[in-house]
Amino acid sequence: MPHTSIATGSFPSRKEANQAVQRLVAGGFARNSIAVHEREDDDGYDLEIHTRRENLRRAERLIHDSAPLYVVREKASDVVHSARSYPLVLLGAGILTGFLIYNLIPRETSSGHRKRRRG
């Protein structure tokens, strides 16, 4: 592959290396550009991916992301995408939140005493 860079990562187990491969594939990288090699000197695994220079930082982030952190990031990305797709729903949620907070704040009466809620 001309004009490519290599991103690498080391993992203590095959399972963790495969999770990194899955994150890369889900992130849009081609499976055939990713290689996993077992280290001869210990039980670890090395991963390398050939990618264009402009994708190198994204590949490294996906390689070194922990699985739980990756899931959180993906879910947060889905929420942001949904909010951008449905701005009126986001506006309504904001108005509802403001209304709830306003009603939870204790108010004072004209005599300076707080109102008691009956209930």
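Look a little higher up for the structure.
Residues numbered from 1 in each chain as written. Predicted model: local features only at pLDDT ≥ 70, side-chain atom pairs only at ≥ 80, totals over all residues. Heavy atoms only, no water.

> Help me out: how do you make sense of the overall build of the protein chain in this one?
When you go through the protein chain residue by residue, the secondary structure sums to four helices and three strands. Secondary structure elements in the protein chain, listed N-terminal to C-terminal, are β-α-β-β-α-α-α. Put simply, the protein chain has 119 residues, and 21% of those count as buried. Taking all contacts inside the protein chain whose residues are at least 6 apart in sequence as the whole, residues at least 24 apart take part in 57%. When the accessible area of the protein chain is evaluated, it comes to approximately 9,500 Å², of which 55% is carbon and sulfur surface. (Helix = DSSP H or I, 4+ residues; strand = E, 2+ residues; numbered from the N terminus. Buried < 20%, exposed > 50% of the residue type's maximum accessible area, 1.4 Å probe, protein only. Contact = heavy atoms within 4.5 Å. Areas by Shrake-Rupley, 256 points an atom, 1.4 Å probe, with all protein chains shown as cover.)

> Sorry if this is basic, but what is going on with the side chain of Ser-33 here?
For Ser-33, the position within the fold is in the loop between α1 (14-26) and β2 (34-38). Reaching out from Ser-33, the side chain makes a polar contact with the backbone oxygen of Ala-30 at a distance of 2.7 Å. Beyond its immediate chain neighbours, meaning those up to four positions away, Ser-33 contacts Glu-48, Ile-49 and His-50. (Polar contact = N/O pair within 3.5 Å; in protein donor to acceptor, adjacent residues only side chain to side chain.)

> Please clarify how the sheet that holds β2 should be interpreted in this entry.
Note: strands within a sheet are paired through backbone hydrogen bonds, in either parallel or antiparallel orientation. Strands sit in the order β1-β3-β2 across an open sheet of three strands; the sheet is antiparallel. The sheet terminates laterally at β1 (4-11) and β2, the two strands that pair on one side only. Strand-to-strand, the axes of this sheet are offset by a mean angle of 20°, without reference to chain direction. Here β1 pairs with strand β3 (residues 45-52) via eight bridges, running antiparallel. By the bridge assignment, Phe-11 is partnered in β3 with Tyr-45. Against the sheet, α1 engages β1, β2 and β3, with an angle of about 15° to β3. (Pairing = 2+ DSSP bridges. Axes fitted to C-alpha atoms, helices over the stretch in contact; angles between N-to-C directions.)

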